[in-house]
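# Close look at the chain arrangement
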Amino acid sequence: MKTNINLLWVLTGFFGLVTVTYVIWSLVDPNHGRIEWAGTFMLALSTLLVAFIAFYLGKVHGAQGAELPEDRLDGNIDDGDPELGFFSPWSWWPIFLAASCALLFLGLAVGPWIAFIGLGIGVISLVGWVYEYYRGMFAR
């Protein structure tokens, strides 16, 4: 993780350098001759965003008090393998939920009546997915 934080600081410097170069280039350009604010603002905000992310990750890494297993040279793959949760490998509900999202966004582009159909299927799919282990063969 420490390597990633250092790379983010390098990326912050790169974006800062590109921002300064962009401003100088727009001032020197004979066709333009003044600062182009949209690109300058976008590049400056990109610099600020990467700096915020690098600062945050540096603080989190420092607050952990130790290196992560991924940072150690003698670490194994299984050392950094936490339990991520329980997932149903046989569940069909996420597919129906994804299809309902597709219908919802299609309805925003084509017609609102399709969005209402997608919303109805989405509510049914979400309820089915949440209560999957409360009914039928897999009830607990």
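Under an unreviewed UniProt entry, the name given to the protein chain is Cytochrome c oxidase polypeptide 4, and the source organism is Cryobacterium melibiosiphilum. Recorded in UniProt under Function (unreviewed entry), the annotation for the protein chain is "Part of cytochrome c oxidase, its function is unknown."

## Focus: the overall build of the protein chain
A tally of helices and strands in the protein chain yields four helices and zero strands. When the helices and strands of the protein chain are read in sequence order from the N terminus, they spell out α-α-α-α. Here the C-alpha atoms of the protein chain give a radius of gyration of 25 Å, more than 25% beyond the 14 Å that 2.2 N^0.38 yields for 140 residues. Its C-alpha atoms give the protein chain principal-axis dimensions of roughly 70 × 55 × 20 Å. When the 140 residues of the protein chain are sorted by exposure, 21% land in the buried category. Intrachain contacts of the protein chain at a sequence separation of at least 6 include 56% that bridge at least 24 residues. If you average the places of the 6 positive and of the 11 negative side-chain charges in the protein chain, the two averages end up 9 Å apart.

## What about the UniProt feature "transmembrane region" (unreviewed entry) in the protein chain?
When the UniProt feature table is mapped onto this chain, "transmembrane region" (unreviewed entry) is found at residues 7-25, 37-57, 90-108 and 114-134. As a span, residues 90-108 carries 84% helix and 0% strand, and end to end its C-alpha atoms are 31 Å apart. Within the segment residues 114-134, helix and strand shares are 81% and 0% respectively, and the terminal C-alpha atoms sit 31 Å apart.

## Concerning the environment of P94
Relative to the assigned elements, P94 resides in helix α3 (residues 93-109). Taking the relative accessible area as the measure of exposure, P94 reaches 31% and is therefore partly exposed. For the pair P94 and G16, spaced 78 residues apart in sequence, the C-alpha to C-alpha distance is 42 Å.

## Notes on the packing of α3 against helix α4 (residues 112-130)
Contact pair α3 / α4: the axes reach a minimum separation of 7 Å and the direction vectors enclose 160°. What the angle tells us is that α3 and α4 run roughly antiparallel. Considering only the axes of α3 and α4, their crossing is left-handed. Of the residues contributing to the contact of α3 with α4, the split by class is 17 nonpolar, six polar and no charged.

## Some thoughts on a nonpolar patch on the surface
Where nonpolar side chains cluster on the molecular surface, the patch consists of F116, L119, V123, L126, V127, W129, V130, Y131 and Y134 and spans about 970 Å² of accessible area. Among the structural elements, V127 can be located in helix α4.

What counts, and at which threshold
- Residues numbered from 1 in each chain as written.
- Predicted model: local features only at pLDDT ≥ 70, side-chain atom pairs only at ≥ 80, totals over all residues.
- Heavy atoms only, no water.
- UniProt positions renumbered as here; feature names shortened; annotations may be inferred.
- Helix = DSSP H or I, 4+ residues; strand = E, 2+ residues; numbered from the N terminus.
- Rg over C-alpha atoms; globule rule 2.2 N^0.38 Å.
- Buried < 20%, exposed > 50% of the residue type's maximum accessible area, 1.4 Å probe, protein only.
- Contact = heavy atoms within 4.5 Å.
- Lys, Arg positive; Asp, Glu negative; His and termini not counted.
- Charge placed at Lys NZ, Arg CZ, Asp CG, Glu CD.
- Axes fitted to C-alpha atoms, helices over the stretch in contact; angles between N-to-C directions.
- Parallel < 35°, antiparallel > 145°, perpendicular 65-115°, else oblique.
- Left-handed = near helix turned anticlockwise from the far one by under 90°.
- Nonpolar A, V, L, I, M, F, W, Y, C, P; charged D, E, K, R; others polar.
- Patch = residues over 30% accessible without salt bridge, like charges linked within 9 Å, V, L, I, M, F, W, Y side chains within 5 Å.
- Areas by Shrake-Rupley, 256 points an atom, 1.4 Å probe, with all protein chains shown as cover.
- Salt bridge = Lys/Arg side-chain N within 4 Å of Asp/Glu carboxyl O.

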